[in-house]
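# Survey of secondary and tertiary structure
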There are 2 protein chains.
Amino acid sequence: VVEDLATVDQMAAAISQMHLRGAGLIGAAGGYGMYLAASEAASSKDFESTLHAKTDQLMQTRPTAVNLSNAIHRQQAAIAKETSPEKKVHTAFETARLIAEEDARFCRQIGEHGLKIIQELAEKKRGRPINILTHCNAGWLAFVDYGTALSPVYTAHTHGIKVHVWVDETRPRNQGAMLTAWELGEHGVPHTVIADNAAGHLMQRGEVDLVLVGSDRTTAKGDVANKIGTYTKALAARDNNLPFYAALPSSSIDWTMHDGLKEIPIEKRNPDEVHFVQGWAEGEIKKVRLTPEKSPAQNDAFDVTPSRLVTGLITERGICEASEGGLFKLYPEKKETARR
Amino acid sequence: VVEDLATVDQMAAAISQMHLRGAGLIGAAGGYGMYLAASEAASSKDFESTLHAKTDQLMQTRPTAVNLSNAIHRQQAAIAKETSPEKKVHTAFETARLIAEEDARFCRQIGEHGLKIIQELAEKKRGRPINILTHCNAGWLAFVDYGTALSPVYTAHTHGIKVHVWVDETRPRNQGAMLTAWELGEHGVPHTVIADNAAGHLMQRGEVDLVLVGSDRTTAKGDVANKIGTYTKALAARDNNLPFYAALPSSSIDWTMHDGLKEIPIEKRNPDEVHFVQGWAEGEIKKVRLTPEKSPAQNDAFDVTPSRLVTGLITERGICEASEGGLFKLYPEKKETARR
């Protein structure tokens, strides 16, 4: 579905109701949302108080992906530098464009760096397809382009390396079964959808070579918040001595946080996403109920994978250890922010 | 649905198409299936060859639960002892009844032994509800009565101990969301349904005190085959220093197997169970498709949790370590079989 979003209300609804989702896309939407906020503020009686209220509205749409607050803060700083409402609106538009373009560029670079990991595995395995397991959707549907976890996969595929992707269906919202499978199919990348429960079993049987996931927020020490279930996939990778990488642009790093488990806010979503499943039936999208009417459900949307379980982080500047030391080697200019 | 099964064909279809499921119930159905086989053999031209063919038919319905082959072998031995077809049929009926009664009795005893674990936790937690996570359905819908993993829960509930069960939905067939939640609701046991992906996250947050699962086949060394996804729940329990128990009657122990990962056959079921989800919509059971038409899926139905991740086994004779030594303390008479 292609949807026009012309007001802050529409943008806020699109983000919170997940008409769009994925760390990078939420960030880009936050950027353009702030442009809409500036426009609406410019035609209001009080620019500052209107902008303030609309900024809050956007900030509250999704709590876990730091790209949103990073984009909003960047816009606030850019808007504050200009003096007239007209210039503020113009700058907000330019900044939104920059954030979106940067997202696409960073994702392309992540693909190039991540390619090396897949190339090395392909050499070791002497041409047999490399089996990559991914969780949720961190492809071009989740970013302005390319994606994060899937970007190295697409780059490898383009380079003629044989890859096969195990796609976790990713309950409760099935982003794997519905989005990742579709994306990979459109790209012609061989893949197989599995229940989330099957990932550990396939690793035990030697049917996985590499785990690649995205991240909604990564702390300065390398803890990775990502779609619920990522943590247990990381545990299974560790138990089977398999590499587990998180791929993320620096816009997903929260340099102010150090302990992911204690500090990253985990979104609780509507339990109906557990009670019901949406899918296709007779050419329409329909909902079926899985649970008895009287049974409650709980729906935590993300979890935190501690850095000790993460083999490395693939960023737009290269691959590093999931640690403060590793991240500071790539982002020395962030030492100040992180230690504040 | 209450279904009459009057022929071997009907029984075989009921087992393989999962009109009935669960280790104990598959065993009991295998027992009665052999009674039907003996009856049909008695009215055929050649008792032995008919019985042989029908035994094979039953044996091939489900590969992972050892209760099926245990029940069939027990029936074969009982039937072989009798001389006339009439007596063979009579003995087969009596043996089927014994297997079913034994299943219920063993499950009740598992509840009494498992109760101690919950009682101890309740004392430690000073009256706050004990949070028990379970995977799949190992309650009275999966056995002749009581169940295995849920039997201690029901016993604790009856004893007035406050329990709350986290019910993994258990994709791809949703036995948790559909059966366990319903069973617990009928029993008045507080519970909450969660996505399979959420189990690790809840353990990280201190919201789980104990993991209790059933088993479809346990080796003489304590490796536990159970519903796909059990292994990653065990990994999460270990990572968070939480007790992980498998509850099983001795009819689920395969004394001839020692290495669960190498030896236990893992059933691959129809990928459509991953492609589609069944649930209620407008008062009817309907199916929706989750995956794109062109995306393949794979459906491994069970996995093996190595004994090193299992805190203990709860059997009808008591609780033991998940090891050869632990099992032989409870079942010394099995040393012979295990070492053959």
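Residues numbered from 1 in each chain as written. Chains lettered and ligands numbered in written order. Predicted model: local features only at pLDDT ≥ 70, side-chain atom pairs only at ≥ 80, totals over all residues. Heavy atoms only, no water.

## What to know about the overall build of chain A
Put simply, the rule is: Strands are runs of DSSP state E lasting at least two residues, helices are runs of H or I lasting at least four, and both sets are numbered from the N terminus onward. To get the radius of gyration, use the C-alpha atoms; to get the globule rule, take the number of residues to the power 0.38 and multiply by 2.2 Å. Burial classes follow relative accessibility: with a 1.4 Å probe on protein chains only, a residue under 20% of its type's maximum area counts as buried, one over 50% as exposed, and anything between as partly exposed. We call two residues in contact when some of their heavy atoms are within 4.5 Å. Computed with the Shrake-Rupley method and a 1.4 Å probe, the accessible areas treat only the protein chains shown as cover for residues. Counted charges follow a simple rule, with Lys and Arg positive, Asp and Glu negative, and His plus the chain ends left uncounted. Just so you know, the charge point we use is NZ for Lys, CZ for Arg, CG for Asp and CD for Glu.
Assigned secondary structure in chain A consists of 13 helices and 13 strands. Since a compact globule built from 340 residues should have a radius of gyration of about 20 Å, the 20 Å found for chain A is in line with a globular shape. A total of 340 residues make up chain A; the buried ones form 61% of that total. Summarising the internal contacts of chain A: among those between residues at least 6 apart in sequence, 75% fall at separations of at least 24. By element, 50% of the accessible surface of chain A is carried by carbon and sulfur atoms, the whole surface being about 13600 Å². Between the averaged position of the 39 positive side-chain charges in chain A and that of its 43 negative side-chain charges there is a distance of 4 Å.

## Thoughts on the pairing of strand 7 (residues 244-247) of chain A
Residues and elements named next belong to chain A. Which entries qualify depends on this criterion: Only strands joined by at least two bridges in the DSSP assignment are considered to pair.
Both faces of strand 7 are covered, namely the face carrying Phe244 and Ala246 and the face carrying Tyr245 and Ala247. Pairing of strand 4 (residues 210-213) with strand 7 involves three bridges; the strand directions are parallel. Bridge pairing in strand 7 links Leu212 to Tyr245. Summarising the sheet, strand 7 and strand 12 (residues 312-315) pair through three bridges and their orientation is parallel. Considered in strand 12, the bridge of Ala247 is made with Ile314.

## Points about the packing of helix 1 (residues 8-16) of chain A against helix 3 (residues 47-59) of chain A
Two packed helices can be described by the angle between their axes and the distance between those axes. All names here are of chain A. Definition in use: Fitted lines through C-alpha atoms serve as axes, helices being fitted only where they are in contact, and the angles separating the N-to-C directions of these axes extend from 0 to 180 degrees. Any angle that is under 35 degrees is reported as roughly parallel, and any over 145 degrees as roughly antiparallel; angles of 65 to 115 degrees are reported as roughly perpendicular and all others as oblique. Left-handed describes a crossing in which the near helix is turned anticlockwise from the far one by less than a right angle; the clockwise case is right-handed.
Across the interface, helix 1 lies against helix 3 with an axial gap of 9 Å and an inter-helix angle of 15°. Taken together, the axes of helix 1 and helix 3 are roughly parallel relative to one another. Handedness of the helix 1/helix 3 crossing: left-handed. Residues Val8, Asp9, Met11 and Ala12 of helix 1 touch helix 3, and the partners they reach there are Lys54, Gln57 and Leu58.

## Examining unusual backbone geometry
Residues and elements named next belong to chain A. The omega torsion of the bond from Arg171 to Pro172 falls at 5°, within 30 degrees of zero and hence cis. Secondary-structure assignment places Pro172 in the loop between strand 2 (163-168) and helix 7 (175-187). Here Thr170, not a glycine, exhibits a phi torsion of approximately 70°, which is positive. With respect to the helices, strands and loops of the structure, Thr170 is situated in the loop between strand 2 and helix 7. Its identity is not glycine, yet Asn241 carries a phi of approximately 60°, on the positive side. Tracing the backbone through its elements, the reader meets Asn241 in the loop between helix 9 (230-239) and strand 7.

## What about the sheet that holds strand 1 (residues 130-134) of chain B?
Residues and elements named next belong to chain B. With mixed pairing, the seven strands of this open sheet are ordered in space as 3-2-1-4-7-12-13. Here the strands that pair on one side only, and so sit at the sheet edges, are strand 3 (191-194) and strand 13 (318-320). Across the sheet, the axes of successive neighbouring strands diverge by a mean angle of 25°, strand direction being ignored. In the packing of helix 5 (residues 85-124) onto the sheet, contacts are made with strand 1, strand 2 (163-168), strand 4 (210-213), strand 7 (244-247), strand 12 (312-315) and strand 13, and the angle to strand 12 comes to roughly 135°. Set on the sheet, helix 7 (residues 175-187) makes contact with strand 1, strand 2 and strand 3; between it and strand 2 the angle comes to about 165°.

## Some words on the confidence of the model for chain A
Rule in force here: Residue-level confidence of the predictor is what pLDDT reports, using numbers from 0 through 100.
When the pLDDT values of chain A are averaged, the result is 97; 99% of them are 70 or greater. Complex prediction metrics read pTM 0.95 and ipTM 0.94.

## Comments concerning the environment of Asn240 of chain A
This is how it is decided: Identification of polar contacts relies on pairs of N or O atoms within 3.5 Å, with a donor-acceptor requirement for protein atoms, meaning one able to donate a hydrogen and the other able to accept it, and with residues adjacent in sequence counted only if both atoms are side-chain atoms.
Structurally, Asn240 of chain A can be placed in the loop between helix 9 and strand 7. The class of Asn240 of chain A is partly exposed, set by a relative accessible area of 21%. On a C-alpha basis, the gap between Asn240 of chain A and Met203 of chain A in space is 6.4 Å, while along the polypeptide they are 37 residues apart. In this structure, Asn240 of chain A is in contact with Gly200, Met203 and Gln204 of chain A together with Tyr231 of chain B, ignoring residues within four places of it in sequence. Here the side chain of Asn240 of chain A touches Ala236 of chain A through a polar contact of 2.8 Å, landing on its backbone oxygen.

## With respect to the nonpolar core
Keep this limit in mind: The definition of a nonpolar core used throughout is a set of buried Ala, Val, Leu, Ile, Met, Phe, Trp, Tyr and Cys residues joined through side-chain atoms within 4.5 Å.
Judged by nonpolar contacts, the single largest core of 76 residues is most densely connected at Val153 and Val163 of chain A together with Val153 and Val163 of chain B. Residues contacting Val153 of chain A, with those up to four places away along its chain left out, are Ile118, Ile132, Val163, Val165, Leu184, Val189 and Leu212 of chain A. By size, the runner-up hydrophobic cluster in this structure holds 68 residues, among which are Ala338 of chain A together with Val208, Ala234 and Ala338 of chain B.

## Considerations on the pairing of strand 10 (residues 284-289) of chain B
Residue and element names in this part refer to chain B. When strand 9 (residues 276-281) meets strand 10, the two strands line up antiparallel, connected through six bridges. Residue pairing across strands places Ala281 opposite Glu284, the latter belonging to strand 10. Between strand 9 and the antiparallel strand that follows it, strand 10, lie two residues; Glu282 among them carries a positive phi value of about 50°.

## Quick word on the sheet that holds strand 6 (residues 224-227) of chain A
All names here are of chain A. Read from one edge of the open sheet, four strands run 8-5-6-11, paired in mixed fashion. Each of the sheet's edge strands pairs with one partner strand only, and the pair in question is strand 8 (253-254) and strand 11 (302-305). Bridge analysis of strand 5 (residues 217-219) against strand 6 gives two bridges, and the strand direction is antiparallel. Paired with Thr218 across the strands is Val224, a residue of strand 6. In the packing of helix 9 onto the sheet, contacts are made with strand 6 and strand 11, and the angle to strand 11 comes to roughly 35°.

## Digging into the packing of aromatic side chains
All names here are of chain A. In plain terms, the rule: What counts as a ring pair is set by centres within 6.5 Å for rings of Phe, Tyr and Trp (its six-membered ring), and what kind of pair is set by the plane angle: stacked under 30 degrees, edge-to-face over 60, tilted for all other angles. In our convention, an over-ring charge means Lys NZ or Arg CZ found within 6 Å of a ring centre and within 35 degrees of that ring's normal.
With the rule as written, the count across this model stands at 10 aromatic pairs over all chains. An angle of 15° between the planes, with centres 6.2 Å apart, marks the rings of Trp255 and Phe328 as stacked. Pair noted here: Trp255 is in the loop between strand 8 and helix 10 (260-263) and Phe328 is in helix 12 (residues 324-330), with a separation of 73 residues, a long-range link. Classification of Trp255 as buried rests on a relative accessible area of 5%. With relative accessibility at 6%, the residue Phe328 sits in the buried group. Each residue in the set Tyr32, Tyr35 and Phe93 is aromatic and connected to the rest through ring pairs, giving one cluster. The aromatic ring of Phe276 is capped on one face by Lys287, whose charged end is 5.3 Å from the ring centroid.

## Observations regarding the pattern of salt bridges
Note the cut-off: Just to be clear on terms, a salt bridge is a Lys or Arg side-chain nitrogen sitting within 4 Å of an Asp or Glu carboxyl oxygen.
According to the stated counting rule, one finds 38 salt bridges over all chains in the structure shown. Of the charged contacts, one joins Arg74 of chain A and Glu102 of chain A as a salt bridge, the two residues approaching to 3.0 Å between their closest N and O atoms. One end of the pair, Arg74 of chain A, is in helix 4 (residues 66-81); the other, Glu102 of chain A, is in helix 5 (residues 85-124), with 28 residues separating them in the sequence. Residue classification places Arg74 of chain A among the partly exposed positions, given a relative accessible area of 33%. For Asp300 of chain B, the salt bridge goes to Lys268 of chain B, with nearest N and O atoms at 2.7 Å. In this pair, Asp300 of chain B sits in the loop between strand 10 and strand 11 (302-305) while Lys268 of chain B sits in the loop between helix 10 (260-263) and helix 11 (272-275), placing the two residues 32 residues apart along the sequence.

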